[in-house]
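Observations on the model geometry
Listed below, chain by chain, are the residues.
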Amino acid sequence: MSRLHRVRERVSGEVLEVRPGESLLCAMERQGKGCIPVGCRGGGCGVCKVRVVSGRFDFGAMSCRHVSADERGRGLALALACRLFPLGDSEVQACGEAVRAAPEQQ
């Protein structure tokens, strides 16, 4: 049996167990958690944008409107959770439009 990767979302502290080859967003939905906002699930809307804090990932195709060449060129580790495939234990922080628009939690 393949080992599950544990991915912690920094703001909520929630830990997701991600199967090898499974996207971060699919793992979150499979576990009934909501620490990352969900949009189109296909890499086009940017709602599930996250910053990779630590760890290694593979990336699927994403809209450059939401993860720009400029951001990547400045070394920002940004990706869309629906197109992010963990390769080991790691940490991310949700930072998409829905997160920035949400009222601050206390």
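Here, every reference points to the structure presented above.
Here is a short report on the structure shown in this document. In this text, all values refer to a predicted model and were calculated from it rather than measured experimentally.

Now for the pairing of strand S1 (residues 5-9). A one-sided burial pattern is seen for S1, the buried positions being His5, Val7 and Glu9 and the unburied ones Arg6 and Arg8. Here S1 folds back onto strand S2 (residues 15-18), and the loop between the two strands holds five residues, one of which, Gly13, carries a positive phi near 80°. Both S1 and strand S7 (residues 90-94) contribute to a ladder of three bridges, which runs parallel. Bridged to Val7 within S7 is Ser90.

A word on the pairing of S7. Counted residue by residue, S7 has four buried out of five residues, so it is predominantly covered. Two strands pair when backbone bridges link them, and strand S3 (residues 49-54) and S7 are joined in this way by four bridges, in the antiparallel orientation. Bridge pairing in S7 links Ser54 to Glu91.

Turning our attention to the sheet that holds S7. Spatially, five strands are ordered S2-S1-S7-S3-S5 in an open sheet, and the strand pairing comes out mixed. Strand pairing shows two members of the sheet lacking a second neighbour, S2 and strand S5 (78-80), which therefore form its edges. Neighbouring strand axes in the sheet, compared pairwise and without regard to direction, differ in orientation by 35° on average. Here S1 pairs with S2 via four bridges, running antiparallel. Looking at S2, one finds that Arg6 is bridged to Glu17.

About the thresholds
- Residues numbered from 1 in each chain as written.
- Predicted model: local features only at pLDDT ≥ 70, side-chain atom pairs only at ≥ 80, totals over all residues.
- Heavy atoms only, no water.
- Buried < 20%, exposed > 50% of the residue type's maximum accessible area, 1.4 Å probe, protein only.
- Helix = DSSP H or I, 4+ residues; strand = E, 2+ residues; numbered from the N terminus.
- Pairing = 2+ DSSP bridges.
- Axes fitted to C-alpha atoms, helices over the stretch in contact; angles between N-to-C directions.

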